[in-house]
Amino acid sequence: MPTGRALHYVFRIADRKKSAYFYREILGMKFLRHEEFQEACGATCNGPYDGRWSKEMVGYGSEDTHFVIELTYNYGVKSYEMGNDFQGITIFSKSAFNNVKTKNWPVVSQEGAFVKIACPDGYFFYIHDVDVSGDPVQMWSLSVTNLQKSIEYWNDLLEMPLMEKKDNYAVLCYKDSPNKCALRLVEIEEKINRGTYFGRTAFSCPAAEQEGLQAKMEAAKQTILVPYIRLDTPGKQTVSVIILADPDGHEICFVEDEGFRKLSQIDPTAEEELDKAMANDHSRD
């Protein structure tokens, strides 16, 4: 049974330069790691694409204490189709709110002291004009078609504690996650369309629990997209992962906590390496 720790959500991006500006200059995040891959990921981290790709981890601090965003970039892929599966990320940050205003970033809507904005690839962010202690990233939200069925999956099978439940949404959070970032499940009336932008939620759990988790999901006849597998990151740590899918097809990665803590250490050269990769990238020409 997973002792879960929330890690990150995976976005697929089409233009690294525009994304780099947004996360640096508007949200005020830092690039924590930059990794280049010559072949597709064995756990489909970069989606159904076979060629060269890169991964950038961006956030307000280390994944040991913060919920961050993984940006996957497939060289030569210039656009993706946005679906309705991802609702948005909630951030409490006065400086990010101020950046939206002073740098004239387009606002989708505003209600009081928070604004709804979209990144260059269309993912929504809800920025509140307030600061909090710890991680500014407070919540990520996913669309579901049957709230009760989703609660049974996330709360009963994955044992993610239920913090709040209303008629059309529920909030869950692994209490042992240092960042305390919560998952919000929002029931919608239309069918889930994941498009080609669709992402993935990542958690860590002790390596000793991974195979038991897989056996539990097999016994419950749940979808396992990628059974237990060991993944290499060139020049870095090898980790084991299991990729699941919930009733609406949302992908969920459980990575071994011990190896991931070593893999996820902040690389002080990440910003420089990303800038170098962008300067040398002519795949969009």
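Figured I'd write up the structure that's included with this text.

## Focus on the packing of aromatic side chains
According to the stated counting rule, one finds 23 aromatic pairs in the structure shown. Here the aromatic rings of F11 and Y123 are separated by 3.7 Å at their centres, their planes lie at 5°, and the arrangement is stacked. Here the residue F11 occupies a position in strand β1 (residues 5-13), and Y123 occupies one in the loop between β7 (114-118) and β8 (124-128), the gap between them amounting to 112 residues. As far as the burial class goes, F11 and Y123 line up, both buried. Grouped by ring-pair contacts, the aromatic residues Y9, F11, Y21, F22, Y23, Y49, Y80, F86, W105, Y123, F125 and Y197 constitute a single cluster.

## Things to note about the pattern of salt bridges
In total, this model carries 21 salt bridges according to the counting rule given. One salt bridge in this structure joins E251 and R200, with 2.8 Å as the shortest N-O distance. Highlighted residues: E251 in strand β16 (residues 251-256) and R200 in strand β13 (residues 200-205), separated in sequence by 51 residues. With relative accessibility at 5%, the residue R200 sits in the buried group. Through salt bridges with shared partners, a single network forms among R16, E36, R52, E56 and D281.

## Description of the side chain of D257
Within the secondary structure, D257 sits in helix α5 (residues 257-263). A relative accessible area of 13% means that D257 is categorised as buried. Polar side-chain contacts of D257 include one of 2.6 Å to the side chain of S204. For D257, the residues in contact, after removing those within four places along its chain, are R5, S204, C205 and P206.

## Some thoughts on the pairing of β8
Here strand β5 (residues 86-92) pairs with β8 via four bridges, running parallel. Paired with I91 across the two strands is I127, which belongs to β8. Pairing of β7 with β8 involves five bridges; the strand directions are antiparallel. Residue pairing across strands places K116 opposite Y126, the latter belonging to β8. Counting the residues between successive antiparallel strands, the hairpin from β7 to β8 contains five residues, one of them, G122, with a positive phi of roughly 100°.

## Here we look at the sheet that holds strand β11 (residues 169-172)
If you walk across this open sheet you meet the eight strands as β6-β7-β8-β5-β9-β12-β11-β10, and the pairing is mixed. Each edge of the sheet is formed by a strand with only one pairing partner; in this case those strands are β6 (109-111) and β10 (162-165). Here the average twist between neighbouring strands, direction ignored, is 20°. Judged from the six bridges that link them, strand β9 (residues 137-144) and strand β12 (residues 182-187) form a sheet pairing that is parallel.

Thresholds applied
Residues numbered from 1 in each chain as written. Predicted model: local features only at pLDDT ≥ 70, side-chain atom pairs only at ≥ 80, totals over all residues. Heavy atoms only, no water. Phe/Tyr/Trp six-rings, centres within 6.5 Å; stacked < 30°, edge-to-face > 60°. Helix = DSSP H or I, 4+ residues; strand = E, 2+ residues; numbered from the N terminus. Buried < 20%, exposed > 50% of the residue type's maximum accessible area, 1.4 Å probe, protein only. Salt bridge = Lys/Arg side-chain N within 4 Å of Asp/Glu carboxyl O. Polar contact = N/O pair within 3.5 Å; in protein donor to acceptor, adjacent residues only side chain to side chain. Contact = heavy atoms within 4.5 Å. Pairing = 2+ DSSP bridges. Axes fitted to C-alpha atoms, helices over the stretch in contact; angles between N-to-C directions.

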